[in-house]
Amino acid sequence: MHATFTWIDWLMLIIPTLALLWIGWKVQSYLESVADFMSGGRVAGRYLLTVADGTAGLGLISIVALFEQWYKSGFAIGFWGAIAGPVGMLMAVTGFVTYRFRETRAMTLAQFFEMRYSKPVRVLAGILVYLSGLVNYAIFPAVGGRFFVHYCGLPLTLNVCGFAVSTYGLVMATFLLVALVIVMLGGQITTMVTDCVQGIYLYAIYVFLFVAVICLFSFSQFETAMVSRPPGESFLDPFDTGKLQDFNILFILIGVFMSIYMRQGWQGNQGYYTAAATPHEQKMGGVLGAWRGGYTWLAFSLLAVAAFTFMNHPDFADKAKAVNDELAARIQFDSKVTTETIRTQMLVPVALRHILPIGITGLFCAAMLFLGISTDTTYLHSWGTIFIQDIVLPLKRKPFTPHRQILALRLSILFVGCSPGSSACSSARRRTS
């Protein structure tokens, strides 16, 4: 166990990132048409969709939320959360929404509304989706930037030419730039291929994380930490969770209901909805993805339980105190920004830095970076293309040439990327003041 980021950990982070950029650069040569940029040329098979779409759908922000959920609720609520598994598999097997939408050959949901209703409906839907997407996406890079600052143990500010610059803003802008480069090179083609590569690499990282946690903790330590809970807040008994406040059975039921009611309604990864070679391949990608997700969630839930054991078992009391002292010092230094909510969200990441050995610390950081980049590229592509396809294009009297349309799509994506980037700059200015 160690509490600092070493040069080995930095190599584990930097080398895969450079390799990812190189892959994106090479793949862009396959871009030949607007359909390639929008939907990956509609050539994706089930296995590519399973890995790529699954990686894009499970973002860094989702893992931070999962860490908070498992740290507060444990396996007891996880038992009820398993209800979502059969529900998701049923929808995947039947092709609910997915199959029929892919049959329409529409590239966006708003385009389908024009087929079904009228052009004004398409424009209205495009405006609503685009604005809601921008507001939603502004949170994602912010959470990612804060995660890396806390997990890597970076200082909250850097002295650049005598000015105090927010590290959080610089980190956020750097990773946004990586995502922007990938998605602007080839649109959905580069996004889909790099997401798939990231997903395959993540499988190997999960194995190392499993081995590290099993070697560092005993099952008796897990048991001791989790059974020492007050009545009504059990981590193990699913029928003794009546006093849980934030993550309880109602939380699970709402999530299951929304997964059915909003099936493919959220357009954050709309490029994947139209990328399959056939409607059947689209459906089978969802079926295989429902199975794949269990392995991923198991890996990160195990990390959250390990962090809880580390922070609450007597064997690790001194090291847990170091984690609490570090978080307290950051809150005191950055009290205007670092709230108690952020402290709760960053507790597991900071604890994991103290838990994981050298090398594994960097691998986990690379895993989180890849999950952040995959979601960023997908969201940038979705909101940028929706603006052009569903707002600009229907209102434009003279249609774009293919070359100009791809240029417009790239510029729109750049604008979406600059929106959270400007937030980072304003954050840096507030820190300076």
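In this report, the structure presented in the accompanying data block is examined. (Residues numbered from 1 in each chain as written. Predicted model: local features only at pLDDT ≥ 70, side-chain atom pairs only at ≥ 80, totals over all residues. Heavy atoms only, no water.)

### Thoughts on empty space enclosed by the protein
Line of reasoning, step 1. Applying the stated criterion to the full structure yields two cavities of 30 Å³ or more.
Line of reasoning, step 2. Estimates place the volume of the largest cavity at around 160 Å³.
Line of reasoning, step 3. Lining the largest cavity are 17 residues, and of these Phe140, Pro141, Gly144, Gly372 and Asp376 sit closest to its centre.
Line of reasoning, step 4. Breaking the lining of the largest cavity down by element, the ones donating at least two residues are α4 (60-81), α9 (139-151), α10 (167-186) and α18 (360-395).
Line of reasoning, step 5. Take the lining of the largest cavity: its biggest share by element is six residues, from α9.
Line of reasoning, step 6. Here the residues of the lining of the largest cavity sort into 11 nonpolar, five polar and one charged.
Line of reasoning, step 7. Within this model, the second largest cavity holds a volume of roughly 40 Å³.
Line of reasoning, step 8. For the second largest cavity, the full set of lining residues is Thr108, Leu109, Ala110, Ala125, Gly126, Val129, Gln267, Ile386 and Asp390. (1 Å grid on protein atoms, 1.4 Å probe; cavity = no way out; pocket = protein on both sides within 12 Å on 5 of 7 lines; lining within 4 Å. Points joined across faces, edges and corners; volume = space filled by probe spheres on them. Helix = DSSP H or I, 4+ residues; strand = E, 2+ residues; numbered from the N terminus. Nonpolar A, V, L, I, M, F, W, Y, C, P; charged D, E, K, R; others polar.)

### Here's the deal with unusual backbone geometry
Working note: non-glycine residues mostly have negative phi, and peptide bonds are mostly trans.
Line of reasoning, step 1. Despite not being glycine, valine 97 shows a phi value in the positive range, around 70°.
Line of reasoning, step 2. Accessibility expressed as a relative area gives 30% for valine 97, which makes it partly exposed.
Line of reasoning, step 3. In this structure, arginine 105 is a non-glycine residue whose phi angle is positive, near 65°.
Line of reasoning, step 4. As for its placement among the helices and strands, arginine 105 is situated in the loop between α6 (98-104) and α7 (109-116). (Buried < 20%, exposed > 50% of the residue type's maximum accessible area, 1.4 Å probe, protein only.)

### Description of the environment of cysteine 365
Line of reasoning, step 1. For cysteine 365, the location among the structural elements is in helix α18.
Line of reasoning, step 2. A sequence separation of 16 residues divides cysteine 365 from proline 349, and the C-alpha atoms of the two residues are 9.6 Å apart.

### Let's talk about the nonpolar core
Line of reasoning, step 1. Judged by nonpolar contacts, the single largest core of 73 residues is most densely connected at Phe300 and Phe364.
Line of reasoning, step 2. By size, the runner-up hydrophobic cluster in this structure holds 24 residues, among which are Phe37, Tyr130, Trp383 and Ile413. (Core = buried A, V, L, I, M, F, W, Y, C linked by side-chain atoms within 4.5 Å.)

### Comments concerning a nonpolar patch on the surface
Line of reasoning, step 1. On the surface, a nonpolar cluster with roughly 580 Å² of combined accessible area is contributed by Trp7, Ile8, Leu11, Met12, Ile15 and Ile358.
Line of reasoning, step 2. Take tryptophan 7: it is sitting in helix α1 (residues 7-27). (Patch = residues over 30% accessible without salt bridge, like charges linked within 9 Å, V, L, I, M, F, W, Y side chains within 5 Å. Areas by Shrake-Rupley, 256 points an atom, 1.4 Å probe, with all protein chains shown as cover. Salt bridge = Lys/Arg side-chain N within 4 Å of Asp/Glu carboxyl O.)

### Structural notes on the packing of α4 against α18
Line of reasoning, step 1. Their axes nearest at 7 Å, the elements α4 and α18 cross at an angle of 125°. On the basis of the axis angle, α4 is oblique to α18. Contacts from Leu60, Ile63 and Phe67 of α4 reach α18 at Phe364, Met368, Leu371, Gly372 and Thr375.
Line of reasoning, step 2. Split by residue class, the contact of α4 with α18 holds six nonpolar, two polar and no charged. (Axes fitted to C-alpha atoms, helices over the stretch in contact; angles between N-to-C directions. Parallel < 35°, antiparallel > 145°, perpendicular 65-115°, else oblique. Contact = heavy atoms within 4.5 Å.)

### Let's talk about the packing of α7 against helix α8 (residues 119-137)
Line of reasoning, step 1. Taken N-terminus to C-terminus, the directions of α7 and α8 make an angle of 160°; their axes are 7 Å apart at the nearest point. As far as their axial angle goes, α8 and α7 are roughly antiparallel. Relative to α8, the crossing made by α7 is right-handed. Side by side, α7 and α8 meet where Ala110, Gln111, Phe113 and Glu114 of the first sit next to Lys119, Val121, Arg122, Ala125 and Gly126 of the second.
Line of reasoning, step 2. Tallied by class, residues from the contact of α7 with α8 come to four nonpolar, two polar and three charged. (Left-handed = near helix turned anticlockwise from the far one by under 90°.)

### Concerning the packing of aromatic side chains
Line of reasoning, step 1. Using the criterion set out here, one finds 31 aromatic pairs in the structure.
Line of reasoning, step 2. Summarising the aromatic geometry, the rings of phenylalanine 5 and tyrosine 151 are spaced 5.9 Å apart at their centres and angled 80° between planes, so their arrangement reads as edge-to-face. Of this pair, phenylalanine 5 sits in the segment before α1 while tyrosine 151 sits in helix α9; the two residues are 146 residues apart in sequence, bridging distant segments of the chain. In this pair, the class of phenylalanine 5 matches that of tyrosine 151, namely buried.
Line of reasoning, step 3. Each ring, one from phenylalanine 235 and one from phenylalanine 308, has its centre 4.5 Å from the other, and the planes form 45°; the classification is tilted. On the criterion of sequence distance, the pair formed by phenylalanine 235 in the loop between α12 (219-227) and α13 (249-261) and phenylalanine 308 in helix α15 (residues 279-312) is long-range, its members being 73 residues apart. (Phe/Tyr/Trp six-rings, centres within 6.5 Å; stacked < 30°, edge-to-face > 60°.)

### Description of the pattern of salt bridges
Line of reasoning, step 1. Using the criterion set out here, one finds eight salt bridges in the structure.
Line of reasoning, step 2. Residue lysine 72 pairs with glutamate 68 through a salt bridge whose shortest N-O separation is 3.4 Å. Here glutamate 68 and lysine 72 lie together in helix α4, a separation of four residues that amounts to about one turn.
Line of reasoning, step 3. For glutamate 68, a relative accessible area of 15% puts it in the buried group.
Line of reasoning, step 4. Shared partners join several salt bridges into a network, and the residues in it are Glu114, Arg122 and Asp390.

### Let's talk about the side chain of threonine 17
Line of reasoning, step 1. Here threonine 17 shows up in helix α1.
Line of reasoning, step 2. Here the side chain of threonine 17 touches leucine 13 through a polar contact of 2.8 Å, landing on its backbone oxygen.
Line of reasoning, step 3. Those residues in contact with threonine 17, other than ones at most four positions away along the chain, are Val178, Leu369 and Phe370. (Polar contact = N/O pair within 3.5 Å; in protein donor to acceptor, adjacent residues only side chain to side chain.)

### Quick notes on helix α5 (residues 84-94)
Line of reasoning, step 1. Of all the positions in α5, only Val87, Met89, Met91 and Ala92 are classed as buried.
Line of reasoning, step 2. Buried-residue contacts for α5 involve α13 and α15.
Line of reasoning, step 3. Remark: glycine 95 follows α5 within two positions and exhibits a positive phi of approximately 70°.

### Some thoughts on the pairing of strand β2 (residues 163-166)
Line of reasoning, step 1. As defined by bridge partners, strand β1 (residues 157-160) adjoins β2 across four bridges and the pair is classed as antiparallel. Each residue of the ladder has a partner; that of threonine 157, found in β2, is serine 166.
Line of reasoning, step 2. Counting the residues in the hairpin turn of β1 and β2 gives two residues, including cysteine 161, whose phi is positive at 55°. (Pairing = 2+ DSSP bridges.)

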